[in-house]
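# Coordinate inspection notes
Residue strings, one per chain:
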Amino acid sequence: MASVTVPNVAGESGKPPNLENVKRKLSLQSCEVCDTEEAKYRCPGCLKYSCSLPCVKKHKTASNCNGVREKTAYVSVTEFSDLNLLSDYRFLEELGRLADCAARDDILHRPSSNKFINLLKNRARRCNICLKTSPVGFTKRRENSTFFGKKEQKFFWHLKLIFPHSQAEFIRKRVPDDKLLSDILKLYLDPQEADPVILQRLKIYTMAPQSDIQILMKVENRPHNSIRYEELDTKKSLLDNLKGKVVLEYPTLHVVLKKFNTDMIILGHDSSVSNKHLPKEASSEEEGEIHDSS
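Predicted model, so just to flag it, every value in this text is computed and none were measured.

### Observations concerning unusual backbone geometry
- We note that Leu47 has phi near 65°; this positive angle belongs to a residue other than glycine.
- If you trace the backbone, Leu47 turns up in the loop between strand E1 (41–42) and strand E2 (49–50).
- By relative accessible area, Leu47 is classed as partly exposed at 47%.
- Of note, the phi angle at Asn128 is positive, near 65°, even though the residue is not glycine.

Dropping the structure here:
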């Protein structure tokens, strides 16, 4: 059997790569943004050279680059170096850690049988929540990670938050039902708790006063030509806000600003619609849901 020689990560001499040589190579390149200064940085994503932070930001905006290195990019044998080998090694280590975490995650191994779904519905009914599920194969059914913790005796919801004025959507898993809606919003709008990248994307919300922010939830079991939304109380817990409501798979919260006009009609604000004329059972599929073609 032929032997395979593995390149030494530390180099042929057994020593780590000389950083001075790397810096010298960078200094020979000019900034590809301003084309006036010597390059000091190289973008891991698109491999463009830049000289300063303003040039880095400018090139990301111009080329729509996220600055993240593509770990699975093709590298020819002639260009394959010790650094590429080290990168592949770390990438495989990261995959191993993710696989190990997935093997230990109880949610990923929870039963998806009718018995499990009926248990969720019964628990929700005890909390005065009408939980409805989609047929097997639907998008919301597949991505739903909601479960009931027997030890804690409470729901841990799969939650979807939509910020329409920023065209942003976020998924949050394992949200306990006793968590206040105001605390959930802090994870996206509070400068002390939210990720800086999220804060920048939701800048229009962070600049608005707290009293101008509304959380709406779509009222299910209504015809498509009479879609209404119900305003939730940010001072109450997720459980208290879901009581007496119909939830399709998991709660979807729409975070809107009062100063902007939207096509979302809040329940009770349209006097021309009466609840007594609504059908008892209506299609509860959300507009825009992606269905499997199979």
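### Focus: the nonpolar core
- Judged by nonpolar contacts, the single largest core of 36 residues is most densely connected at Ile129, Trp157, Phe163, Tyr188, Leu189 and Leu202.
- Of all the secondary-structure elements, those providing two or more residues to this core are helix H4 (114–126), strand E5 (154–163), strand E6 (168–176), helix H6 (181–189), strand E7 (213–218), helix H9 (238–242) and strand E10 (252–257).
- Beyond its immediate stretch of four places on either side in the chain, Ile129 contacts Ala124, Trp157, Leu239, Leu242, Lys243, Lys245 and Val247.

### Quick notes on the UniProt feature "domain: HIT-type" (unreviewed entry) in the protein
- With numbering aligned to this structure, UniProt lists the feature "domain: HIT-type" (unreviewed entry) at residues 31–65.
- Helix makes up 31% of residues 31–65 and strand 11%. Its end C-alpha atoms lie 16 Å apart.

### Some words on the state of the cysteines
- The full count for this structure, using the stated rule, is zero disulfides.
- Here Cys34 is not cross-linked by a disulfide; its sulfur's nearest cysteine counterpart is in Cys31, at 3.6 Å.
- With no disulfide of its own, Cys51 has Cys55 as its nearest cysteine by sulfur position, at a separation of 3.7 Å.

### Quick notes on the environment of Ile204
- Mapped onto the fold, Ile204 is located in helix H8 (residues 203–206).
- For the pair Ile204 and His165, spaced 39 residues apart in the sequence, the C-alpha separation amounts to 7.6 Å.
- In this structure, Ile204 is in contact with His165, Ser166, Leu257 and Phe260, ignoring residues within four places of it in sequence.

### Some thoughts on the confidence of the model for the protein
- In the predicted model, the protein carries a mean pLDDT of 78, and 78% of its residues have values of at least 70.
- Within the protein, the element-level pLDDT minimum falls on helix H1 (residues 19–27), averaging 52, and the maximum on E5, averaging 93.
- A low-confidence stretch, residues 1–13 stays under pLDDT 50, and its non-local contacts, those more than four residues away or across chains, total 14 contacts.
- Low pLDDT, under 50, characterises residues 271–294; the predicted model gives this stretch 38 contacts beyond four residues in sequence or across chains.

### Notes on the pattern of salt bridges
- Scanning all chains against the criterion turns up six salt bridges.
- Here Asp178 and Lys154 are joined by a salt bridge, their closest N and O atoms 3.1 Å apart. You can see Asp178 sitting in the loop between E6 and H6 and its partner Lys154 sitting in strand E5, a full 24 residues away along the chain.

### Observations concerning H6
- The complete set of buried residues in H6 reads Leu181, Ile184, Leu185, Tyr188 and Leu189. For H6, the angular spread of buried residues about the axis comes to 120°, placing them on one side.

Definitions and cut-offs
Residues numbered from 1 in each chain as written. Predicted model: local features only at pLDDT ≥ 70, side-chain atom pairs only at ≥ 80, totals over all residues. Heavy atoms only, no water. Helix = DSSP H or I, 4+ residues; strand = E, 2+ residues; numbered from the N terminus. Buried < 20%, exposed > 50% of the residue type's maximum accessible area, 1.4 Å probe, protein only. Core = buried A, V, L, I, M, F, W, Y, C linked by side-chain atoms within 4.5 Å. Contact = heavy atoms within 4.5 Å. UniProt positions renumbered as here; feature names shortened; annotations may be inferred. Disulfide = S-S within 2.5 Å. pLDDT = per-residue confidence, 0-100. Salt bridge = Lys/Arg side-chain N within 4 Å of Asp/Glu carboxyl O. Arc of directions from axis to C-beta.

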